[in-house]
Every structure is written in structure tokens, then in C-alpha cells.
Amino acid sequence: MRDHFEIRDHDAAGRIGRLEVPRAGVTVETPALLPVVNPNVLTVEPSRLAAEFGAEMLITNSYIIRSTDRIRDRVLDQGLHDFLGFDGAIMTDSGSFQLAEYGEIDVTTEEIIEFQRRIGSDVATPVDVPTPPDVDRERAERELATTRQAIADAEAAETGEMLVNAPVQGSTFPDLREEAGRHASASDLDVFPVGAMVPLLNSYRYAEVVEAVRAAKRGLDPDAPVHLFGAGHPMMLALAVAAGCDLFDSAAYALMARDGRYLTVSGTEHLESMEYFPCSCPVCAEYTPADLRAMDDGAGPDDEDRSAEQLLAEHNLHVTFEELRRVKAAIRSGNLLQLVDRRARGHPAMLDGFRTLLDHADELERTDPVSKDAFFYTSHESARRPEVSRHHDRLSRLAVPDRLLLTESDAPSNHEYDAVWRIKPPFGPFPRALSETYPLTAEVPDRIDGAAQVAAAEGVASLVDANPDADITLGHDDWVARAVEAVPDSVDVENLRFIGR
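First, a word on scope: everything that follows refers to the structure included in this document. (Residues numbered from 1 in each chain as written. Predicted model: local features only at pLDDT ≥ 70, side-chain atom pairs only at ≥ 80, totals over all residues. Heavy atoms only, no water.)

**Some details on the sheet that holds strand β15 (residues 419-424)**
Worth spelling out the cut-off: In this scheme, strands are said to pair when DSSP sees at least two bridges between them. Segments assigned H or I by DSSP are reported as helices when at least four residues long, segments assigned E as strands when at least two residues long, and all are numbered from the N terminus. The axes are straight lines fitted to the C-alpha atoms, using for helices just the contacting stretch, and the angles between their N-to-C directions are given from 0 to 180°. In this description, contact between two residues means that some pair of their heavy atoms is separated by no more than 4.5 Å.
With mixed pairing, five strands are arranged side by side in an open sheet as β16-β15-β14-β17-β18. Looking at the sheet topology across the chains shown, the edges are occupied by β16 (428-430) and β18 (492-495). Here the average twist between neighbouring strands, direction ignored, is 25 degrees. Bridge count for β15 against β16 is three bridges, and the pairing is antiparallel. Counted as the bridge partner of K424 is G428 from β16. Relative to β16, helix α20 (residues 450-466) is tilted by about 50 degrees, and along the sheet it contacts β14 (403-407), β15, β16 and β17 (471-476).

Quick look at the structure:
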């Protein structure tokens, strides 16, 4: 039991939680975005991150501070919070990113943990090895052993009230990620970053990101706060939260602004090709794309304190924090997967990620609330949501009469059945008395698709499996052939469109 993390709400594998950070004396609400602050280049002042954007926590790099003579002594003297001018919680990275980029760093876990403690970090990180995607298994196992040793060294360090990360590595091998999660969770450490995600994120390999997260989650304890290292594009936040992530760190807001890129919830735009800003944040309300381009040419609005890069970075932060608030509202309302579905329509890689997430519907079902406000069927992926599989699993609990009619139409006025139940794609059969219970109150389109019909047929099959001696008849509304074929042979099947012709 990790007393510093309390889960308040669930939807799918997403949750709203409270992460207590004792050294900072604050409690951070999750899901939380940690803007990355480069101690050498403050694109947006950390004090503004809290006051204007709502950041409760940020992340900076202790290795850069330690390696930079002109700021190291100042940070040791002032402390990290005063140096950055930030009153919230501060996490520090260890140099592992530099290790991944350059292959060598001159610091050990013992040394960097002690340095992080001395400068006043609230959440420290050991020197793990971020094994990139697609390496051979031998390398992944070898480097995972090094990360395990780093976790052990961090456990042995004197940390006081400082929380410490236990990174979960394993490259693109799900079994290694799961094993790494189990090992990290057995430690005394506090926060669990899923590492080496940046190469996958940068190449939009969202399906593999989801696989890595779900594998790590299978190994981690249910109450473990999970950080997705390097994730901060607003497009994928809903997906990552639904997969089970609680913390995100983003340098994207600044790095993409430096390249003239404008973030949206459906992708990335280039400033040079934009005519309008599709956003109402303070930046987009005051400036046009032409204004920002003119700033780069020295002919823009008279604003000596802000550059086009800074303004783009501010917009990127606004849209990212706005999306995170939208995700929290979706969790509270119980429609997180509907939000993920909408985001999946914005980019093919997001759709791949969503479909991969639904491959794990059985895992999502364990934490998905049994009752919510509404279920909207908005795409054929909706047929794979955990509410559908849960309904199928619960059909075995229902008392089934000897002769049963399942029908999409009203019950016939004269019949010889012992009972008449409704059948509603994608859920399948249920007694009419349950019609007003979630999720059977779902809003579905009049022109239902084949995937929903197949799911309903699978529900019929579940009912038959639990009641093999019952005499069941199905009246369907012109289902597609593959749905009819999924109905067990023991069921009498009638197409309601042809009755009475």
C-alpha cells in the first residue's frame, strides 16, 4: 500500500488521484502534466507555469545542473525551488536521457540521488538505462539488469522525505516490461515511470506505447502512480490516461515552438502554413498566424518581451493543460473512452493506439465503473468496450426460462414463449426489466453497424453457453451475415424484416 497516492475516481484504466509530495508540502492532482524546464533556457518562466497554466508540478534535469558550472553553485546555495521560482513540486531527472543520447555520463545513481537531495528535489530519479525500441532481447535483458541495480542503489540511498522514481524499462518486449514493473513495485520506491518512450512517441507508434504501458501495469501494484516519460502531446493524453498513466512530462511545448509547430488535440500544424488559429487561448485570441510570422521577420506587433517562439510555446501549454482538464472531466463523467474514440478519429496512429487499448478490454473492465452517466455508440470500436464484455460475462447470472424469445422488436401480443427478452446491439440479450440500467440505456444509431450486431450475437452465444438446455429463438433486424453466423446453431433465428411478407 502506497500511502502517498490515493485514487479518487476510475474510468477504464484512467483515474483521478492525489499524489502527496511531502518534501514540497503539496498534494498534486493526477493526471498531471509536468512541463520540462531546461535550467539553461527558460522558454516560459516557472512562476508563470503555476499562475497562468495551472501547473502543480514540473520536471528539470539535475544532471544538467550538476554539469553546468555557472548554475550548479547557485542552485546548491539557493535551493531548486528558489532558483526556479516555483512553489509546487519539482521532479528531477538523473542524466539517463543524456546516457541514452550520448552513450556515457560521469555520474552514478548514488552520486546523483545525493545531489538531487542536496538541491531540494521533491522527486528524484536514479541512473537507469532507457533501452530504445527494437533492440535485440539480449541487450534489453542486460540493460534491464543495470536498471534493477540502479533501483537497488536508490533504495539504499539517504533520501529523507524525497520521493524516488523506480523506472520500468524493457524496450519493446512486453514480458520484460511486465517483469520490470513487478520488480520495481516490490521496491520501496514511490513513482513508476515507463521509460524509453520518446522514440515511440516521436514516430507516432502509439499502439506500441499502449502495449508497453499495459505490460508495465500488469506488473505494477494497482495503487502505483505511473509516469509516462516523455509524453506531452495533447493528441495522445486521453489515450495514455485510459491506458493507466497518471503523470506526463512535456518538453514538446517548447521544442515544437522552436520549430514553428503549433499543437492541437488532433495533430501538429506548422505556423508557416496557417491562416487562422483554431483556438481561443489567450495567445490565439490576441494574435494571428501572420502576426507571429511577422515577429520572426522583425515587423510584428510591438511586444518586446515576447517572441513568436515564446507565444507558440504558451499556446502549446494552454492547449495541453486544457486537454488534461477535459480528460479529468471525462473520467468524472464516465465517458473517457468516448473521448479517446473522438481523438482516435484525428490521426491513424491514434486509431491504432485505441484499437490496441481495446485489445485489453478485459484488463480495463477490472477498474471500469459498473455504472456511468451514458454509453454512446459512436464507432465500431464501441462494440469492444469493457461494458460490452462485462454484460456478456454477467449473462450467466440470469435465470433463463425453458422457452425464451430474444427480439429487437416489441414483444408479440400473442406468443407461446415463457418470456420475451430484448436484444440490443452491441450488448445482446437482457430481460426487459433491465432496460433502464447502465449500460443498456446506451444511445445507439438507427443504422447500427455489423460490429455491434456481431457483438450482440456473441452475447447470445454467452447466454446459450450458460443455459445449454434452454429453447431460445432470436428475432433480429436484418443482421449482417457474419453476425447471424456467430449465433449458435441451437438457436432458432428469424429475420424480422421478412416476417409477414
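**Points about the sheet that holds strand β1 (residues 5-11)**
Taken in spatial order, the three strands line up as β1-β2-β3 in an open sheet, and their pairing is antiparallel. In the strand order of this sheet, the two ends are held by β1 and β3 (26-30), each with one partner. Put simply, the sheet's adjacent strands are angled 15 degrees from each other on average, direction ignored.

**Some thoughts on helix α14 (residues 289-296)**
Our working definition: Working definition: with a 1.4 Å probe on protein chains only, accessible area under 20% of the residue-type maximum means buried, over 50% means exposed, and in between means partly exposed.
Among all positions of α14, only P289, L292, A294 and M295 are buried. Buried positions along α14 lie against α15 (308-333).

**With respect to the packing of helix α3 (residues 69-78) against helix α6 (residues 109-119)**
For clarity, the cut-off: The scheme is simple: roughly parallel for angles under 35 degrees, roughly antiparallel for over 145, roughly perpendicular for 65 to 115, oblique for anything else. Note that Gly is not counted as nonpolar here; it falls among the polar residues with everything else outside the nonpolar set of Ala, Val, Leu, Ile, Met, Phe, Trp, Tyr, Cys and Pro and the charged set of Asp, Glu, Lys and Arg.
Viewed as axis vectors pointing N to C, α3 and α6 meet at an angle of 60 degrees, and their least axial separation amounts to 7 Å. For the element pair α3 / α6, the angle class is oblique. Facing α3, whose interface residues are R72, V75 and L76, α6 presents F115, R118 and I119. In the contact of α3 with α6, the residues fall into four nonpolar, no polar and two charged.

**Regarding the pattern of salt bridges**
Convention followed: By salt bridge we mean one thing: a side-chain nitrogen of Lys or Arg within 4 Å of a carboxyl oxygen of Asp or Glu.
Enumeration according to the criterion identifies 38 salt bridges in this entry. Taking the shortest distance from any N to any O, the salt bridge between R48 and E52 comes out at 2.8 Å. The salt bridge partner of E309 is R258, with a shortest N-O separation of 3.8 Å. Within this pair, whereas E309 is found in helix α15, its partner R258 is found in helix α12 (residues 252-258), the two being separated by 51 residues in sequence.

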